[in-house]
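Observations on the model geometry
Given next are the chains, with one letter for each unit.
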Amino acid sequence: MNIKSLTTAVELNMLQRESFSYFMHETNEENGLVVDKSAPDWPASIAAVGLAFAAYPITVERDFIGREAAVRRALKILRFFRNSPQGPESDASGHHGFYYHFLDMQTGRRIWRCEYSTISCT
């Protein structure tokens, strides 16, 4: 491997690690929800949760997080959505397997009169 390739690999690794750190710092430890953007009082989004869920196996492969920690985080997300309020109510988390795009970070209930998301359905 030449110097240029080594530098590119190191930079790519650093970029991947920094990108994943968002999920480590912006995830609710209790329910696995991930804030949509790091701004004060911003909600979670089903898209951000889906990205985190997809990132865990990749980051295990890259040794950014241990397998057991990734499994705990993934199970937290799955259990939260399994138990989340479903139905036609305006403050449910979702209905018929679709989830509202923006969810309250603490309760996981719909906020902002948002629509169902087709981006990341669990």
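What counts as what
- Residues numbered from 1 in each chain as written.
- Predicted model: local features only at pLDDT ≥ 70, side-chain atom pairs only at ≥ 80, totals over all residues.
- Heavy atoms only, no water.
- Pairing = 2+ DSSP bridges.
- Helix = DSSP H or I, 4+ residues; strand = E, 2+ residues; numbered from the N terminus.
- Expected span 1.5 Å × (residues − 1).
- Buried < 20%, exposed > 50% of the residue type's maximum accessible area, 1.4 Å probe, protein only.
- Core = buried A, V, L, I, M, F, W, Y, C linked by side-chain atoms within 4.5 Å.
- Contact = heavy atoms within 4.5 Å.

1. A short note on the sheet that holds strand β2 (residues 94-95)
If you trace the three strands from one edge of the open sheet to the other, you get β2-β3-β5, paired in antiparallel fashion. Only two strands of the sheet have a single neighbouring strand rather than two, namely β2 and β5 (116-117). With two bridges joining them, strand β3 (residues 98-100) and β5 adopt antiparallel strand pairing. Among the inter-strand pairings, Tyr-100 is bridged to a residue of β5, identified as Tyr-116.

2. Some points on helix α2 (residues 46-61)
A rise of 1.5 Å per residue sets the reference length of α2, with its 16 residues, at 22 Å; its end C-alpha atoms lie 24 Å apart and thus fit the reference within 8%. Within α2, burial applies to Ile-46, Ala-47, Ala-48, Val-49, Ala-52, Ala-55, Tyr-56 and Thr-59. A positive backbone phi angle near 65° is found at Asp-63, which sits one or two residues after α2.

3. Some remarks on the nonpolar core
Core analysis: the biggest nonpolar cluster contains 25 residues, and Phe-20, Phe-23, Leu-33, Val-34, Val-49, Tyr-56 and Phe-81 have the highest contact counts within it. At the level of secondary structure, the elements contributing two or more residues to this core comprise α1 (3-25), α2, α3 (67-83), β3 and β4 (102-103). Of all the elements, α2 adds the most residues to this core, at six residues. Setting aside its immediate chain neighbours within four residues, Tyr-56 contacts Phe-20, Thr-27, Ile-65, Ala-70, Arg-73, Ala-74 and Ile-77.

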